[in-house]
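Structural overview for review
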Amino acid sequence: MLVRVTHWITTFCFIALLVSGFEIVISHPRFYWGETGNVSTPTLFKLPIPSSRSLVPTGYGYVLPDQNGWSRYLHFQAAWVVVLTGLLYVISSFFTGHLRQNLLPGGTDLSWRAFSTAMAKHLRFKRPSAPEAWSYNLLQRLSYLLVIFVLFPLVIWTGLAMSPAFVSAFPATVTLLGGRQSARTLHFFVSLALLLFVLVHVVMVFVAGFWSRMRAMITGRAGTDTDMEHT
Amino acid sequence: MSNISRRKLITTGMAAAAGLAGLGVAARVAKQHGLVPPDYGGIYGLGETLTYASHRLLTKQSLAQEFPRSLISKPPFANEITPLSDEFKRLQAGGFADWRLTVDGLVARPASFSLDQLRSYPSRSQITQLACEEGWSYIAEWIGVPLSHVLDVVGVLPQARYVVYFSFQPDWWDSIDIADASHPQTFLVYGMNGDALPIGNGGPLRMRVPRQLGYKSVKFITHLTITDNLKKFGKGLGSASADGGYAWYAGI
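Residues numbered from 1 in each chain as written. Chains lettered and ligands numbered in written order. Predicted model: local features only at pLDDT ≥ 70, side-chain atom pairs only at ≥ 80, totals over all residues.

Turning to the overall build of chain B, a few remarks are in order. Looking only at helices and strands, chain B features 7 helices and 10 strands. With the C-alpha coordinates aligned to their principal axes, the bounding extent of chain B is approximately 85 × 40 × 35 Å. A total of 252 residues make up chain B; the buried ones form 43% of that total. Look at the contacts in chain B between residues 6 or more apart in sequence, and 65% of them connect residues 24 or more apart. (Helix = DSSP H or I, 4+ residues; strand = E, 2+ residues; numbered from the N terminus. Buried ≥ 20, exposed ≤ 12 C-beta atoms within 10 Å, placed from the backbone. Contact = placed C-beta atoms within 7 Å.)

So this is what it looks like as structure tokens:
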């Protein structure tokens, strides 16, 4: 139940963060490394998109409308909700056994052989057998752990490192990353990694049978026997 | 309706009522301790209030990072400004000798300062980063008088809660709470990188609030009003930026 509720709250927050994050990025689609960066300094790379600010040289003859006001409000509101939801999920998964039973790979799975077997099965698009379909497989477990314990903390850290007030109290947040502009660039890449995970995740849901997986994630029931053939 | 669902309904209802009452108490306590921003209303009020309240608690004494001189951005960056009026150009032609900073509101001694008067106060400098909400940033040496010094000269009354500051440019004003106004790095800036503050960077006088994003550092400051209530300014959200849809608090 808690897994499902937190999943859907996270889904809505992710969409909000993605849309608002994109709106914020187009006001300055240039990236730098180090402490400072602006239109009169060299970039690390530029996104080949138009900007919502006339001062940014993009090569496009037009300027997009400024959407940063509500985008920034929404970005931080969604960040608060997803961080609190994520904390609830992580803390409760320690106590309910969700972490141990469903996320941490079992003892025998922790070998290169188990990993390569799972990888080979996955690459041959082998459908899981009925009992296997009831739990997360090794690759799922590893990618969920990566998202929950590596990518999420990283995206929060790099985000906080861009807050001038937060870093005044905790300067190491930004100095460890090599400066404010490095933090911004890293925040962009970690967000891309999360987006990649979500895209693969959604593709996998379609492969497994969209409606039966949706029903399972919404109602908590894995579905009828006929559905099991698809999963 | 079965007994179970009725019992469930009653307990859920009571939990919800208790939750709402708890929120109400929390809101009142937060308001008393100055943890609620003026733009707390609307659909983004929750996130905004959480950000402002947590920053007020976490960053009470903290100082914005200061950088070595070698990290000062070259060339000094100046963002676009809207064209300045003839009146401004007249003042500029006179070397800003007639520029005035008036201070009124909840003060014991309302006053009007010339730039020379401001320069006669203990001068301080800081090498801090100005970061724009758009994403770009630059580092400069900012020279000026701490706002707290000017506030001491006029004698701020104890009920004051905010300092509202107005630009020479029409419809450009902002405000900060007393915590930020009395912060040692909040400056009225008249110099940059060893020289007078260039017009492009807000000369002759600019507010500098280094623990918040660049848009709080309003250019061409002419007027300060100390107040206990932001409702009477603009739409009551605390700044021209907030009236335009941007967050009043820009520590993030």
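That covers the picture; the talk isn't over yet.
Let's shift gears to the overall build of chain A. Broken down by element type, chain A carries 10 helices and 2 strands. Ordering the α and β elements of chain A from the N terminus gives α-β-β-α-α-α-α-α-α-α-α-α. Along the three orthogonal principal directions, the C-alpha set of chain A runs to about 60 × 40 × 35 Å. When each of the 231 residues of chain A is scored for burial, the buried share is 26%.

Here we take up the pairing of strand 10 (residues 221-227) of chain B. Residue and element names in this part refer to chain B. Sheet topology places strand 1 (residues 100-105) next to strand 10; 4 bridges connect them, and they run parallel. Opposite Thr-102, over in strand 10, you have His-223 as the bridge partner. Bridging between strand 5 (residues 162-167) and strand 10 involves 6 bridges; their strand directions are antiparallel. Note on strand 10: the bridge partner recorded for Tyr-162 is Thr-227. (Pairing = 2+ DSSP bridges.)

Let us now look at the sheet that holds strand 10 of chain B. Residues and elements named next belong to chain B. Taken in spatial order, the 5 strands line up as 2-1-10-5-6 in an open sheet, and their pairing is mixed. Looking along the sheet, the strands with just one partner apiece sit at the ends: strand 2 (111-114) and strand 6 (173-177). Averaged over all pairs of adjacent strands, the angle between strand axes in this sheet comes to 20 degrees, irrespective of strand direction. Inspection of the sheet shows strand 1 paired to strand 2 by 4 bridges, in the antiparallel sense. What sits directly across from Val-103, in strand 2, is Ala-111. (Axes fitted to C-alpha atoms, helices over the stretch in contact; angles between N-to-C directions.)

Moving on: the pairing of strand 3 (residues 124-131) of chain B. Residues and elements named next belong to chain B. Relative to strand 4 (residues 137-146), strand 3 runs antiparallel, the two being bridged by 8 bridges. Counterpart to Gln-126 in the pairing with strand 4 is Trp-142. Here strand 3 folds back onto strand 4 in antiparallel fashion, the turn holding 5 residues, of which Gly-135 has a positive phi close to 135 degrees.

Turning to helix 2 (residues 68-96) of chain A, a few remarks are in order. Between its first and last C-alpha atoms helix 2 of chain A spans 40 Å; for 29 residues at 1.5 Å apiece the expected length is 42 Å, and the two agree. Those residues of helix 2 of chain A that fall on the buried side of the exposure criterion are Asn-68, Ser-71, Arg-72, Tyr-73, Leu-74, His-75, Phe-76, Gln-77, Ala-78, Ala-79, Val-82 and Tyr-89 of chain A. Looking at the buried positions of helix 2 of chain A, the neighbouring elements they touch are helix 1 (2-25) and helix 6 (138-160) of chain A together with helix 2 (45-58) of chain B. Note on helix 2 of chain A: the residue one or two positions beyond its end, Gly-97 of chain A, has a positive phi of about 90 degrees. (Expected span 1.5 Å × (residues − 1).)

Residues and elements named next belong to chain A. The geometry of helix 1 relative to helix 9 (residues 180-219) is characterised by a closest axis approach of 13 Å and an angle of 140 degrees between their N-to-C directions. One way to sum up the angle between helix 1 and helix 9 is to call them oblique. In terms of crossing hand, the pair formed by helix 1 and helix 9 is left-handed. Touching Arg-4, His-7, Phe-14, Leu-18 and Gly-21 of helix 1 are Ser-191, Leu-195, Val-198, Met-217 and Ile-218, all from helix 9. Residue composition of the contact of helix 1 with helix 9, by class: 6 nonpolar, 3 polar and 1 charged. (Parallel < 35°, antiparallel > 145°, perpendicular 65-115°, else oblique. Left-handed = near helix turned anticlockwise from the far one by under 90°. Nonpolar A, V, L, I, M, F, W, Y, C, P; charged D, E, K, R; others polar.)

Right, let's talk about the interface of chain B and chain A for a bit. The interface of chain B with chain A comprises 38 residues on the first partner and 30 residues on the second. Here the element with the most residues in the side of chain B that touches chain A is helix 2 of chain B; it accounts for 7 residues. Grouping the constituent residues of the side of chain B that touches chain A by class yields 18 nonpolar, 15 polar and 5 charged.

What follows covers unusual backbone geometry. All names here are of chain B. In the segment running from Lys-74 into Pro-75, the intervening peptide bond is cis, with an omega of -5 degrees. When you line up the elements, Pro-75 lands in the loop between helix 2 and helix 3 (86-93). At the junction of Gly-203 and Pro-204, the peptide bond is cis and its omega measures out at 10 degrees in the coordinates. Mapped onto the secondary structure, Pro-204 falls in the loop between strand 8 (195-196) and strand 9 (206-208). The backbone phi angle of Phe-220 is positive, close to 55 degrees, even though this residue is not glycine. Summarising the element assignment, Phe-220 is placed in the loop between strand 9 and strand 10.

What follows is about the packing of helix 1 of chain A against helix 2 of chain A. Residue and element names in this part refer to chain A. Contact geometry of helix 1 with helix 2 gives a least axis separation of 8 Å together with a crossing angle of 155 degrees. Judged on the interaxial angle alone, helix 2 and helix 1 are roughly antiparallel. Taken as a pair, helix 1 and helix 2 cross one another with a handedness that is left-handed. Tallied by class, residues from the contact of helix 1 with helix 2 come to 13 nonpolar, 9 polar and 2 charged.

Val-163, Tyr-165, Leu-188, Leu-205 and Ile-221 of chain B are the most contacted members of the largest nonpolar core, which totals 79 residues. Beyond its immediate sequence surroundings of up to four residues, Val-163 of chain B is in contact with Ser-175, Ile-176, Ala-181, Leu-224 and Ile-226 of chain B. (Core = buried A, V, L, I, M, F, W, Y, C linked by C-beta atoms within 7 Å.)

Confidence in the prediction for chain B averages 93 pLDDT; 98% of positions are at 70 or higher. Note on the complex model: pTM 0.90, ipTM 0.89. (pLDDT = per-residue confidence, 0-100.)

Turning to the environment of Leu-213 of chain B, a few remarks are in order. Positionally, Leu-213 of chain B belongs in the loop between strand 9 and strand 10. Assessed through the 26 C-beta atoms surrounding it within 10 Å, Leu-213 of chain B is described here as buried. Along the backbone, Leu-213 of chain B and Tyr-249 of chain B are 36 residues apart, and their C-alpha atoms lie at a distance of 8.9 Å. Among all residues touching Leu-213 of chain B, those that are not within four sequence positions of it are Pro-164 of chain A together with Ala-131, Cys-132, Glu-133 and Ala-250 of chain B.

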